[in-house]
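Structure at a glance
Now for the letters of each chain:
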Protein chains: 2
Amino acid sequence: MSSDWEIPAVAVAVDLVVLTVRSARLQVLLVERGIEPYAGKLALPGGFLASEREDVDTAAGRELAEETGLRPENLHLEQLRTYGAPNRDPRRRVIAVAYLAIVPDLPEPTAGGDARSARWVPVSQVLTRRATLAFDHQRILSDGVERARSRLEYSALATAFCPPQFTVADLRNVYEIVWGETLDPRNFHRKVTGVADFLVPTGGHTTKHGGRPAALYRRGTADVLHPPILRSTGGWR
Amino acid sequence: MSSDWEIPAVAVAVDLVVLTVRSARLQVLLVERGIEPYAGKLALPGGFLASEREDVDTAAGRELAEETGLRPENLHLEQLRTYGAPNRDPRRRVIAVAYLAIVPDLPEPTAGGDARSARWVPVSQVLTRRATLAFDHQRILSDGVERARSRLEYSALATAFCPPQFTVADLRNVYEIVWGETLDPRNFHRKVTGVADFLVPTGGHTTKHGGRPAALYRRGTADVLHPPILRSTGGWR
DNA sequence: TCAAAAGTGTTTAATGTACACCCATGA
DNA sequence: TCATGGGTGTACATTAAACACTTTTGA
């Protein structure tokens with residue numbers, strides 16, 4: 001804090017890791033870059049602060065709304081991490097504040113007000129390098145996916161993948177796809193309905209083909225899960 | 001990413017939550033501000049990027065070294081969160097990237113190369129508002145303490161509070177003080193020595209008054225604890 | 001030999017896992 | 001009445017909590 005030297009001024013970008021479960025796979029929202037650098041490459045959606053006075057959290061909500069057409073207050077949006085390596089953008093010094101967003105399976109791939117070519121891409125394609133991303137977005141995505149996986153254990157995050165009304169099987173589906181492992185339907189049902197304030201029965205039931213109708217639930221008030229839903233692999237052991 | 005408008009440039013500050021266990025209390029390193037705004041107030045140590053090309057993580061390590069006189073590579077240092085509200089600094093737009101550092105009980109309060117009046121203050125005094133901090137540093141400290149508490153459960157973070165050689169009782173002391181609860185010495189001993197690659201016996205023993213000598217350990221290679229050391233309160237239930 | 005702290009063994013309760021079984025519907 | 005998934009009961013294994021007890025030192 002010695003005064004009297006020029007404080008470096010940098011550009012602040014907000015980048016989004018938007019995840020959903022779609023076609024039985026964990027998918028991430030990506031845009032195709034139209035300009036250099038990395039023109040034509042896939043990248044995480046994002047952008048710079050809209051003004052000198054825009055709050056960073058607000059900017060993330062704004063970007064999310066632009067890309068998905070959804071109001072941010074209904075969706076899960078949390079700060080992930082800040083990436084501040086000096087050369088992450090070849091043009092100029094840019095620091096990226098990354099956010100993790102979880103959305104339900106949306107009706108159409110993207111209805112962005114910004115008219116960018118956003119689309120869903122399976123996370124596995126990116127993590128196995130069949131598709132590669134611009135900047136350090138591969139690393140950011142990888143951090144975001146790991147955060148989401150671990151959040152399923154201790155928080156009610158899984159409900160953010162689901163529509164307003166969902167069944168226990170829908171919820172189990174989210175866990176299985178995000179974690180990449182199968183879970184016992186009977187024990188999962190008991191665990192998840194036993195967690196305080198996690199699920200609230202709506203009274204409704206599904207009217208599906210081929211099976212007993214399932215009770216419908218909406219998300220409860222709990223943010224943290226007591227007790228947690230632990231994965232066998234990855235958690236430990 | 002529409003081009004052709006002026007991208008806002010902001011100043012990037014790095015703020016540190018440096019925690020230690022000292023005199024049987026969790027304490028935080030604070031500086032007394034010499035200049036406005038908040039002159040005379042206590043604040044987290046920190047500063048702006050040293051140059052246009054300095055990495056943010058590097059800046060955090062540099063600040064820590066300046067404040068504690070210790071090499072950052074031996075200490076625990078992790079990014080906490082970024083605080084980007086537009087009015088957090090009344091002078092100009094500043095975004096703070098906060099870091100959490102854990103250090104052992106240092107020989108002298110501070111041996112900063114920057115000759116600032118850094119000193120240790122019990123965390124409880126700040127959280128109970130007997131001492132208040134400048135800017136939004138109260139909130140940042142609170143986030144940092146909660147991060148540290150939860151990291152004790154799942155990571156080997158507790159060893160960062162200890163000197164290179166320590167006993168199981170030293171380690172238990174860290175858990176008890178940071179969590180603010182008492183733990184059964186017998187069960188704690190068994191748990192902690194049972195975790196794979198957490199503790200490595202050095203072969204040495206303490207030669208203390210009034211009790212059986214304790215075996216000395218150094219930290220092992222494990223970063224995550226299998227299984228975790230869970231707190232009773234706060235974890236759940 | 002006593003106090004004090006380190007470390008081990010054992011009992012008991014809580015929790016997680018596997019899986020048999022019943023329920024409610026559409027075809 | 002059969003196939004299909006929803007949902008419950010229960011036995012067993014694993015883990016955590018409580019605490020009696022033994023070990024090893026300094027005074």
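Residues numbered from 1 in each chain as written. Chains lettered and ligands numbered in written order. Predicted model: local features only at pLDDT ≥ 70, side-chain atom pairs only at ≥ 80, totals over all residues. Heavy atoms only, no water.

The name given to chain A in an unreviewed UniProt entry is NUDIX hydrolase, with the source organism recorded as Actinokineospora fastidiosa.

Our focus in this paragraph is the overall build of chain A. Per the secondary structure count, chain A includes five helices and nine strands. Seen in sequence order, chain A has helices and strands lined up from the N terminus as β-β-β-β-α-β-β-β-α-α-α-α-β-β. In terms of overall size, chain A behaves like a compact globule, its C-alpha atoms giving a radius of gyration of 20 Å where 237 residues would be expected to give roughly 18 Å. Expressed along its principal axes, the backbone C-alpha trace of chain A runs to roughly 70 × 40 × 35 Å. The burial tally for chain A puts 51% of its 237 residues in the buried class. (Helix = DSSP H or I, 4+ residues; strand = E, 2+ residues; numbered from the N terminus. Rg over C-alpha atoms; globule rule 2.2 N^0.38 Å. Buried < 20%, exposed > 50% of the residue type's maximum accessible area, 1.4 Å probe, protein only.)

Bringing the domain arrangement of chain A into the picture now. Residue and element names in this part refer to chain A. Each assigned domain of chain A is listed here: domain 1 (11-153) and domain 2 (155-219). A straight line from the C-alpha centre of domain 1 to that of domain 2 covers 27 Å. Facing the 16 residues of domain 1 at the interface are 12 residues of domain 2. Considering only the surface of domain 1 that becomes buried against domain 2, V21, I102 and L152 emerge as the three largest contributors, covering 46% of it. At the level of elements, β1 (9-22), β2 (25-32) and α3 (137-154) are the ones that each hand at least two residues to the side of domain 1 that touches domain 2. Ranked by residues supplied to the side of domain 1 that touches domain 2, first place goes to α3 with five residues. Considered class by class, the residues forming the side of domain 1 that touches domain 2 number nine nonpolar, two polar and five charged. (Domains from an automatic or database assignment. Contact = heavy atoms within 4.5 Å. Buried area = accessible area lost by both parts, 1.4 Å probe. Nonpolar A, V, L, I, M, F, W, Y, C, P; charged D, E, K, R; others polar.)

On to the packing of aromatic side chains. All names here are of chain A. Taken as a whole and assessed by the stated rule, the structure comprises seven aromatic pairs over all chains. Ring geometry for Y175 and F188: centres 5.4 Å apart, planes at 65°, overall edge-to-face. On the criterion of sequence distance, the pair formed by Y175 in helix α4 (residues 168-179) and F188 in helix α5 (residues 185-194) is long-range, its members being 13 residues apart. In terms of burial, Y175 and F188 fall into one category: buried. Through pairs of rings, three or more aromatic residues link up here, namely Y175, W179 and F188. A cation over a ring is seen here: R81 above Y83, with NZ or CZ 5.6 Å from the ring centre. (Phe/Tyr/Trp six-rings, centres within 6.5 Å; stacked < 30°, edge-to-face > 60°. Lys NZ or Arg CZ within 6 Å of the ring centre and 35° of its normal.)

For an α-helix the count is 3.6 residues per turn, leaving residues at separations of three or four pointing the same way. All names here are of chain B. If you check helix α1 (residues 56-68), its first and last C-alpha atoms are 18 Å apart, about what 13 residues at 1.5 Å a residue would give, namely 18 Å. Where α1 is concerned, the buried positions are V56, A59, A60, G61, E63, L64, E67 and T68. The backbone nitrogen of D57 lies 2.7 Å from a side-chain oxygen of the residue at the head of α1, namely D55. Taken from the residues just after α1, G69 is the one with a positive phi, measuring 75°. (Expected span 1.5 Å × (residues − 1). Polar contact = N/O pair within 3.5 Å; in protein donor to acceptor, adjacent residues only side chain to side chain.)

It takes a turn of 180° to lay chain B on chain A, together with a shift of 0.0 Å along the axis; the resulting RMSD is 0.0 Å. The relationship between the two copies is best expressed as a two-fold rotation axis. When the interface residues of chain B are mapped onto chain A, 100% of them are again interface residues, pointing to one common binding face. (Least-squares fit on C-alpha atoms with pLDDT ≥ 70 in both.)

Turning to the pattern of salt bridges, a few remarks are in order. Residues and elements named next belong to chain A. Under the defined criterion, the tally for this structure stands at 34 salt bridges over all chains. In this structure, D223 engages R219 in a salt bridge whose closest nitrogen and oxygen atoms are separated by 3.9 Å. Among the ionic contacts, a cluster of salt bridges with common partners joins E54, R62, E63 and E66. (Salt bridge = Lys/Arg side-chain N within 4 Å of Asp/Glu carboxyl O.)

Take the protein's contact with DNA strand C next. DNA strand C sits among 22 residues. The nearest are R186 and N187 of chain A together with R186, R190 and A215 of chain B. Of all DNA strand C atoms lying within 4 Å of any protein atom, the proportion belonging to sugar or phosphate reaches 57%. Take R190 of chain A: an N or O atom from its side chain is 3.4 Å from a base nitrogen of DNA strand C. Side-chain polar atom of R212 of chain B to a base nitrogen of DNA strand C: 3.3 Å apart, as the coordinates give it. Looking at which element gives the most residues to the surface near DNA strand C, the answer is α5 of chain A, with four residues. By residue class, the composition of the surface near DNA strand C is five nonpolar, six polar and 11 charged. (Near = heavy atom within 4 Å.)

To continue, consider the protein's contact with DNA strand D. Neighbouring DNA strand D are 23 residues; R186, R190, G211 and R212 of chain A together with R186 of chain B lie closest to it. The sugar-phosphate portion of DNA strand D accounts for 49% of its atoms within 4 Å of the protein, the bases making up the rest. In this structure, a base oxygen belonging to DNA strand D sits 2.8 Å away from a side-chain N or O atom of R190 of chain A. A distance of 2.9 Å separates a base nitrogen of DNA strand D from a polar side-chain atom of N187 of chain B. Among the elements of the structure, α4 and α5 of chain A together with α5 (185-194) of chain B are those that each provide at least two residues to the surface near DNA strand D. The element contributing the most residues to the surface near DNA strand D is α5 of chain B, with four residues.

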